[in-house]
Amino acid sequence: MSRRPLGQLEAEVLAVLAAGGPVSTAELQTQIPGDPAYTTINTILFRLLDKGLVTRTRDGRQFRYEIVVDESRLVADRMNDHLRFASDPSGVLSQFVEILSPQDAAALRQILEHREGVE
Amino acid sequence: MNWFTFLPALITFLLSMVLGRVPLPLHPLWSARVLGTVAATTVLATIGTFFFIAVNYGASLLPRVADRLPEWALFGDDHPVPAWLGLPAIALTVTGTVTVSRLAARWATEVRSAQELSRGLLETDIPVAVAVPGRRGGVLASKGLIRALTTAELQVVFEHEASHLRHRHHRYLAVGSLAAGTLPPLRRLNERLRFCLERWADEDAAESVGDRGFVARTIAKVALLRSPSPPGALPAFADSGVVQRVQALLGAAPGRNPVSGPATLLTTGLTTGALALVALQLDHALNLSFL
């Protein structure tokens, strides 16, 4: 199976799973906005399982899913990668946001506070 | 060779310097395209000029070899290139080539390791989201990001990164850092280009989410999560891209420039493209007498 980019629904499922504990498909279905079909959630979970992003444990007649990050990925050299992407990506990779200076962070807070005051 | 030899490189270079300092009054989508085009043609024109000066200097040193060169590669006059010009030209051509290949190698490893990592989530509490180009790419997110954001906020992040991937922003980034790497004075142009690409993706995200204020708050939230600073620090000045992006999103949506955008891009593309062609001696090579 070809690997797909982390899609919107996958991200939402992961978000719910990341919030905590093993969750069943039915519980997930109620927690994802937009009222997705049970089979859709199942497909997403299956895909995540295939990618090794979640594990499942049998609980009676159903499975409970849990988010997993392969700990073997945390060997020293990969750790460097993580830190590099977390701090200084350059060249062809661009991050959602760059790190702010304390002044910028303060300015940003002020802008937001000012805006909330207006609304 | 005469002073006109330097003209194409000089004009594109000056244009790059100006565009690195003065923001274009266009939608970020058009600004990014114009800046990317100018960065690419400036590098071509400058490297091309130095390369041909180096070739002609070599030809005046070794007339035997010069006889084997195609006629278009030579400036076609009998004035030999002086050493004070020829030697730096050789040095600049070599450093330029080395820089280009070094950058290319670095990207290849960077993208490959990011592709490898984008199979899963990054095991870090730092909220990270990176668009990884390529068939095996996708959005590389960290556990910290997924944990810290609501699903609606995650949608903003993913729409933003999806826009980067959809419009192949990594190509612009590559051109920009190539320009900044080979010609350090173009760093400002590269920074502005990167900023325009972020703004472009922000606008795309705002369009699909349908709430500019929410996109602004999400960007601010992620940025502030990454920079826990003690409250009370007074803002000296807000020059960072994030602050400008948030401010832009809190304002009205920029016009799409359906006419002025393409017109600006076409004009700059044609002029700087022609200048780059001249610098690369392709007008002689292809017998383009109109240039």
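Above: the structure in question.
Residues numbered from 1 in each chain as written. Chains lettered and ligands numbered in written order. Predicted model: local features only at pLDDT ≥ 70, side-chain atom pairs only at ≥ 80, totals over all residues. Heavy atoms only, no water.

A. Here's a closer look at the packing of helix α6 (residues 151–166) of chain B against helix α8 (residues 187–209) of chain B. Residue and element names in this part refer to chain B. Relative orientation of the contacting elements α6 and α8 amounts to 125°, with a least axis distance of 8 Å. Judged by the inter-axis angle, α6 sits oblique to α8. Of the two elements, α6 crosses α8, and the hand of that crossing is right-handed. Contacts between α6 and α8 pair Gln-155, Val-156, Glu-159, His-160, Ser-163, His-164 and Arg-166 from the former with Leu-197, Glu-198, Trp-200, Ala-201, Asp-202, Asp-204, Ala-205, Ser-208 and Val-209 from the latter. In the contact of α6 with α8, the residues fall into six nonpolar, five polar and five charged. (Axes fitted to C-alpha atoms, helices over the stretch in contact; angles between N-to-C directions. Helix = DSSP H or I, 4+ residues; strand = E, 2+ residues; numbered from the N terminus. Parallel < 35°, antiparallel > 145°, perpendicular 65-115°, else oblique. Left-handed = near helix turned anticlockwise from the far one by under 90°. Contact = heavy atoms within 4.5 Å. Nonpolar A, V, L, I, M, F, W, Y, C, P; charged D, E, K, R; others polar.)

B. A look at helix α2 (residues 28–61) of chain B. The end-to-end C-alpha separation of α2 of chain B is 49 Å, in line with the 50 Å expected for 34 residues at 1.5 Å each. Counting buried positions over the 34 residues of α2 of chain B gives 24, a clear majority of the element. (Expected span 1.5 Å × (residues − 1). Buried < 20%, exposed > 50% of the residue type's maximum accessible area, 1.4 Å probe, protein only.)

C. Quick look at the pattern of salt bridges. The tally for this structure, following the rule as stated, stands at 10 salt bridges over all chains. In this structure, the salt-bridge partner of Arg-64 of chain A is Glu-27 of chain A, at a minimum N-O distance of 3.4 Å. Highlighted residues: Arg-64 of chain A in strand β3 (residues 62–67) and Glu-27 of chain A in helix α2 (residues 25–31), separated in sequence by 37 residues. Put simply, Glu-203 of chain B and Arg-199 of chain B hold a salt bridge, and the shortest N to O gap is 2.8 Å. Highlighted residues: Glu-203 of chain B and Arg-199 of chain B, both in helix α8, separated by four residues, approximately one helical turn. Taking the relative accessible area as the measure of exposure, Glu-203 of chain B reaches 4% and is therefore buried. According to the relative accessible area criterion, Arg-199 of chain B is buried, its value standing at 8%. Taken together, the salt bridges that share partners define one network made up of Glu-27, Asp-59 and Arg-64 of chain A. (Salt bridge = Lys/Arg side-chain N within 4 Å of Asp/Glu carboxyl O.)

D. How the structure looks around the pairing of strand β2 (residues 138–141) of chain B. Residues and elements named next belong to chain B. The sheet contact formed by strand β1 (residues 129–132) and β2 spans four bridges and is antiparallel. Looking at β2, one finds that Val-130 is bridged to Leu-140. As consecutive antiparallel partners, β1 and β2 are separated by five residues, and within that stretch Gly-134 has a phi angle of approximately 105°, a positive value. (Pairing = 2+ DSSP bridges.)

E. A look at the nonpolar core. Membership of the largest hydrophobic core comes to 49 residues, with the highest contact counts inside it found for Val-13, Leu-17, Leu-28 and Leu-108 of chain A. The element contributing the most residues to this core is helix α9 (residues 212–226) of chain B, with eight residues. A domain split of this core shows at least three residues from each of domain 1 (8–67) and domain 2 (71–118) of chain A. When neighbours within four sequence positions are excluded, Leu-17 of chain A is seen to be in contact with Val-23, Leu-28, Leu-45, Val-54, Tyr-65, Glu-66 and Ile-67 of chain A. Grouped together as the second largest cluster of nonpolar side chains are 20 residues, Leu-29, Val-34, Ala-179 and Cys-196 of chain B included. (Core = buried A, V, L, I, M, F, W, Y, C linked by side-chain atoms within 4.5 Å. Domains from an automatic or database assignment.)

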